[in-house]
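# Reading the structure
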Amino acid sequence: MGDTPFARLAHLGEQLERTTKRLELAALLADFLRGLSPEEIPPAVRLTIGQVFPEWDGRALNVSWKAVMTVMDGLTDASLAVHDEIAAQAVDGGEAVRMLLERARRQPPSPPPLTILEVFHTFEDIAETAGKGSRARKEALLRGLLVRATPVEAKYLVKVIYQEMRHGVSEGIMLDAIAKAAGVKTRLVRRANQLWGDLGEVALVALTQGEAGLKKAIVRLFRPLKPMLAQTAEDLAEAFDRYEGQVALEYKLDGARVQIHRRGDEVRIYSRHLAEVTASLPDVVAEVRDRLAAKEAILEGEAVAVDAQGRPLPFQHLMRRFRRKHAVAATVEEIPVQLHLFDALHIDGKTLVDAPCQERWAALEKAAGKLNLVRRLITKTIEEGEAFAEAAYGDGHEGVMAKDLDSAYTPGVRGKSWLKLKHVLSFDLVIVAADWGYGRRHGWLSNYHLAARDADSGEYLVVGKTFKGLTDG
């Protein structure tokens with residue numbers, strides 16, 4: 001057991017690339033999953049969608065393209081012309097590596113063939129390699145994989161490294177495939193994934209324990225949940241119509257959404273992408289430890305950078321806190337952060353994700369102690385709502401959130417129970433440059449650079465760019 005060739009996963013990737021039909025994708029995935037041993041299921045599921053670790057796992061491969069090409073230079077003998085030709089044709093790094101090995105490999109793949117578990121454990125070793133000489137050790141580990149890989153296997157090794165699978169398998173399709181492979185209800189699989197945030201674990205439980213195991217899924221402290229997401233609304237009238245005339249409005253702050261986990265003195269903070277950011281926010285950790293009334297909690301809030309007068313600063317200032325790895329204490333003094341809580345998912349042994357919004361807010365008020373909550377208004381009139389929205393804008397915030405008082409918390413779902421209404425500023429911009437597209441848009445111009453005209457000088461100044469280009473139509 002545990003010796004499934006990595007070639008099976010690579011072959012699956014090739015099959016997935018050849019279809020866009022959701023049911024066919026799920027069927028191919030389900031057939032693959034049924035052939036795995038239990039210990040292979042979690043890594044195989046994640047590798048198939050281009051992940052090595054769960055989203056909340058802080059480990060990262062940190063392998064540069066230069067490192068990949070250093071290894072490839074040792075395995076191939078390609079002229080500059082061949083490199084240029086491949087660069088023009090390949091849609092991503094994985095495809096470039098496959099083409100290099102097919103055209104210029106010095107020696108055939110070394111035995112024995114790679115297995116899924118070997119690949120996963122080697123990636124673990126790469127992620128855990130740090131310190132002096134780590135680059136050379138990472139390259140040696142990578143070479144150990146590529147020297148044994150066929151061109152197609154090498155393609156998918158590199159695709160996993162850079163999370164560029166491009167075969168159309170979303171998380172939703174993988175969840176459908178897990179349910180199909182295990183013969184269980186899809187809603188149970190989705191629910192477990194919402195609470196655990198690890199497709200690999202969900203697949204293992206579904207395939208080995210069935211519905212009984214999935215029904216035991218619960219919220220876990222220090223395992224972040226995917227955040228509930230909001231849709232955009234044009235105006236407050238839309239919110240009042242949708243929520244039958246009674247709306248909870250909250251300030252929409254221009255900060256970083258954070259999920260706070262606390263058990264006793266242990267406090268950890270996670271970003272909206274489930275990355276742990278505890279070390280970047282020592283002041284917030286101390287505030288939660290000292291002021292939160294609940295001894296065990298999972299709470300959501302917004303961390304906002306403020307100036308000396310307590311006025312909110314643009315989001316970019318806060319990002320300096322999150323990016324800083326050293327001299328954090330100095331940055332804490334330079335860029336103060338205020339925490340504003342807006343939801344409670346778990347408090348002192350009671351899980352609240354299925355409770356109505358209003359019940360969660362009441363629990364949050366009780367548990368928050370001396371911590372700040374976002375400003376909130378429950379109203380039945382658009383006039384009151386508009387006045388509240390204007391106050392939010394006047395206080396330096398970007399708008400308001402409208403929430404259905406009866407809605408449950410749905411992790412990872414962009415539903416209609418939360419609506420965001422932003423104050424919108426419009427600008428006339430012109431396209432001044434474009435990048436060549438990547439992946440599906442290979443060979444097309446994409447990522448347009450946008451500029452605004454300086455009224456004094458007449459010069460066009462680049463202010464940003466789009467990242468999606470034109471639609472396929």
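What this report covers is the structure whose coordinates are included nearby. Here the structure is a predicted model, which means the values were calculated and not measured.

## Considerations on the overall build of the protein chain
Looking only at helices and strands, one finds 18 helices and 13 strands in the protein chain. Relative to a compact globule of 473 residues, whose C-alpha radius of gyration would be 23 Å, the protein chain shows 25 Å and is just as compact. Principal-axis analysis of the C-alpha atoms places the extent of the protein chain at approximately 75 × 70 × 50 Å. Buried positions account for 49% of the 473 residues belonging to the protein chain.

## A short note on the nonpolar core
Core analysis: the biggest nonpolar cluster contains 139 residues, and Leu 47, Phe 123, Leu 157, Met 174 and Leu 214 have the highest contact counts within it. Residues within four places of Leu 157 in sequence aside, it is in contact with Phe 6, Leu 114, Val 119, Phe 123, Leu 145, Leu 146 and Ala 149.

## Re the pattern of salt bridges
Summed over all chains, the structure comprises 34 salt bridges. Between Arg 46 and Asp 198 there is a salt bridge, and its shortest N-O distance comes to 3.0 Å. On the criterion of sequence distance, the pair formed by Arg 46 in helix H3 (residues 41-48) and Asp 198 in the loop between helix H11 (186-196) and helix H12 (199-214) is long-range, its members being 152 residues apart. In this structure Arg 46 comes out as buried when scored by relative accessible area, which is 7%. Between Lys 226 and Glu 171 there is a salt bridge; the shortest N-O distance is 2.3 Å. Of this pair, Lys 226 sits in the loop between H12 and strand S1 (229-232) while Glu 171 sits in helix H10 (residues 171-182); the two residues are 55 residues apart in sequence, bridging distant segments of the chain.

## A few points about the sheet that holds strand S4 (residues 266-271)
One open sheet holds the 5 strands; their spatial order is S4-S3-S5-S6-S7, and the pairing between them is antiparallel. The sheet terminates laterally at S4 and strand S7 (350-351), the two strands that pair on one side only. Contacts from helix H15 (residues 315-323) reach strand S3 (256-263), strand S5 (296-305) and strand S6 (337-347), with the element oriented near 40° to S3.

## Quick word on helix H7 (residues 116-127)
One turn of an α-helix holds 3.6 residues; hence residues three or four places apart share an orientation. For H7, with 12 residues, the first-to-last C-alpha span of 17 Å sits near the 16 Å given by 1.5 Å per residue. Counting buried positions over the 12 residues of H7 gives 9, a clear majority of the element. Turning to H7, its buried residues number three or more, namely Ile 116, Leu 117, Val 119, Phe 120, Thr 122, Phe 123, Glu 124, Ile 126 and Ala 127. Buried residues belonging to H7 abut helix H1 (6-17), helix H2 (22-34), H3, helix H8 (134-146) and helix H9 (151-162).

## Some details on the sheet that holds strand S11 (residues 430-436)
The 3 strands lie next to each other as S11-S12-S13, forming an open sheet whose pairing is antiparallel. Both outer strands of the open sheet, S11 and strand S13 (460-465), are each paired with one neighbouring strand and no more. Neighbour-to-neighbour, the strand axes of this sheet turn through a mean angle of 35°, independent of strand direction. Pairing of strand S12 (residues 445-453) with S13 involves 5 bridges; the strand directions are antiparallel. Within S13, the residue paired with His 449 across the bridge is Lys 465.

## Concerning the pairing of S4
Two strands pair when backbone bridges link them, and S3 and S4 are joined in this way by 6 bridges, in the antiparallel orientation. Counted as the bridge partner of Arg 262 is Val 267 from S4. The turn linking S3 back onto S4 is made up of 2 residues, and Gly 264 within it adopts a positive phi angle of 60°.

## Some words on the packing of H11 against H12
At a closest axis distance of 10 Å, the pairing of H11 and H12 adopts a crossing angle of 130°. Comparing their axes, H12 and H11 come out oblique. Like other packed secondary-structure pairs, H11 and H12 cross with a definite hand, here right-handed. In this structure, H11 contributes Leu 188, Val 189, Ala 192, Asn 193 and Trp 196 to the contact, and H12 contributes Leu 199, Glu 201, Val 202, Val 205, Glu 211, Gly 213 and Leu 214. Its residues assigned to classes, the contact of H11 with H12 comprises 8 nonpolar, 2 polar and 2 charged.

## As for the side chain of Thr 48
Counting through the fold element by element, Thr 48 comes out in helix H3. A distance of 2.6 Å separates a polar side-chain atom of Thr 48 from the backbone oxygen of Ala 44. Setting aside residues up to four positions removed in sequence, Thr 48 forms contacts with Leu 9, Leu 12, Leu 16, Leu 29, Phe 32, Met 165, His 167 and Met 174.

## What about the packing of H2 against H10?
The interhelical angle for the contact between H2 and H10, taken along N-to-C directions, is 55°, at an axis separation of 8 Å. By the angle class used here, H2 and H10 are oblique. For the crossing formed where H2 meets H10, the hand is right-handed. Note on element contacts: H10 touches H2 through Gly 172, Ile 173, Met 174, Asp 176, Ala 177, Ile 178, Lys 180 and Ala 181, opposite Arg 22, Leu 25, Ala 26, Ala 27, Leu 29, Ala 30, Leu 33 and Arg 34. Looking at the contact of H2 with H10 residue by residue, the classes come out as 11 nonpolar, 1 polar and 4 charged.

## What to know about a negative patch on the surface
Taken together, the side chains of Glu 234, Asp 235, Asp 241, Glu 383, Glu 384, Glu 386 and Glu 390 present a region of like negative charge at the surface. Among the elements that line the negative patch, the one with the most residues is helix H18 (residues 382-394), at 4 residues. With respect to the helices and strands, the residue Asp 241 is situated in helix H13 (residues 236-242).

Scoring rules and cut-offs
- Residues numbered from 1 in each chain as written.
- Predicted model: local features only at pLDDT ≥ 70, side-chain atom pairs only at ≥ 80, totals over all residues.
- Heavy atoms only, no water.
- Helix = DSSP H or I, 4+ residues; strand = E, 2+ residues; numbered from the N terminus.
- Rg over C-alpha atoms; globule rule 2.2 N^0.38 Å.
- Buried < 20%, exposed > 50% of the residue type's maximum accessible area, 1.4 Å probe, protein only.
- Core = buried A, V, L, I, M, F, W, Y, C linked by side-chain atoms within 4.5 Å.
- Contact = heavy atoms within 4.5 Å.
- Salt bridge = Lys/Arg side-chain N within 4 Å of Asp/Glu carboxyl O.
- Pairing = 2+ DSSP bridges.
- Axes fitted to C-alpha atoms, helices over the stretch in contact; angles between N-to-C directions.
- Expected span 1.5 Å × (residues − 1).
- Parallel < 35°, antiparallel > 145°, perpendicular 65-115°, else oblique.
- Left-handed = near helix turned anticlockwise from the far one by under 90°.
- Nonpolar A, V, L, I, M, F, W, Y, C, P; charged D, E, K, R; others polar.
- Polar contact = N/O pair within 3.5 Å; in protein donor to acceptor, adjacent residues only side chain to side chain.
- Patch = residues over 30% accessible without salt bridge, like charges linked within 9 Å, V, L, I, M, F, W, Y side chains within 5 Å.
- Areas by Shrake-Rupley, 256 points an atom, 1.4 Å probe, with all protein chains shown as cover.
- Lys, Arg positive; Asp, Glu negative; His and termini not counted.
- Charge placed at Lys NZ, Arg CZ, Asp CG, Glu CD.

What is shown is where atoms sit, not what they do.
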